[in-house]
Amino acid sequence: MKKIDYDNLNILKNDILFFLEHITIPNNPCIILDLDNTIIDSNGYFIKPIYEICLKCLNLNITIFIITGRVLNNQNLENTYNQINKLYYFVKQIYFRLPYLQNFYEYKKKARYDIFLKGYTCIATIGDNIWDIGLFGGNGFIIPTI
Ligand SMILES: [Mg+2]
């Protein structure tokens, strides 16, 4: 099981906060986050440095989207709702994966493209896997793991 490298994640968090404070924010800015091992750890708890980034985004009026590899079904909807708790109300939309979409690169890229088509400019994407970042994602940040 993947373990978050918190020492380096805290360095990354400061980098991202610096980035958010210093870039020119475009119109309709958004940030895109992965869910597992990005917002929520493998025990189902918030990953605090990322939670702090979310709060910063809310503060700067940057819309938050989540694109998760979790399959769309009632169980996952309920679990996700319970896990992200109060953050749920601040997230614009959560993309769940349809089971036939087996390729994470394609699925996540299409979801980012969908957000782009809605008129958002994504300034940053954060995730623990390489397919979490890329086209239509702005600056990509990979969560350090051990
Ligand atoms: Mg993940």
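Residues numbered from 1 in each chain as written. Predicted model: local features only at pLDDT ≥ 70, side-chain atom pairs only at ≥ 80, totals over all residues.

Q: Describe in detail the overall build of the chain, supporting the description with residues and values.
A: When helices and strands are tallied, the chain shows four helices and five strands. Starting at the N terminus and ending at the C terminus, the chain contains elements arranged as α-β-α-β-α-β-α-β-β. Its C-alpha radius of gyration of 14 Å places the chain within 12% of the 15 Å reference for a compact globule of 146 residues. Across its three principal directions, the C-alpha atoms of the chain cover 40 × 35 × 30 Å. The buried share of the chain, reckoned over its 146 residues, is 28%. (Helix = DSSP H or I, 4+ residues; strand = E, 2+ residues; numbered from the N terminus. Rg over C-alpha atoms; globule rule 2.2 N^0.38 Å. Buried ≥ 20, exposed ≤ 12 C-beta atoms within 10 Å, placed from the backbone.)

Q: Could you give an account of the nonpolar core, naming the residues involved and the relevant values?
A: Core analysis: the largest hydrophobic core is formed by 28 residues, its most contacted members being Cys 30, Ile 31, Ile 32, Ile 66, Ile 115 and Cys 122. Counting only elements with at least two residues in this core, the list comes to strand 1 (29-33), helix 2 (48-59), strand 2 (63-71), strand 3 (91-97), helix 4 (104-117) and strand 4 (121-127). Aside from chain neighbours lying at most four places away, what touches Ile 115 is Cys 30, Ile 32, Phe 65, Tyr 120 and Cys 122. (Core = buried A, V, L, I, M, F, W, Y, C linked by C-beta atoms within 7 Å. Contact = placed C-beta atoms within 7 Å.)

Q: Could you give an account of the pairing of strand 4, naming the residues involved and the relevant values?
A: For a regular strand, the rule is simple: side chains alternate between the two faces of the sheet. Most of strand 4 is tucked away, with six of its seven residues classed as buried. Where strand 1 meets strand 4, five bridges bridge the pair, whose relative direction is parallel. In the sheet register, Leu 33 faces strand 4, and the bridge partner there is Ile 126. The pairing of strand 4 with strand 5 (residues 139-142) spans four bridges and is parallel. When the sheet's bridge partners are listed, Ile 126 is paired in strand 5 with Phe 141. (Pairing = 2+ DSSP bridges.)

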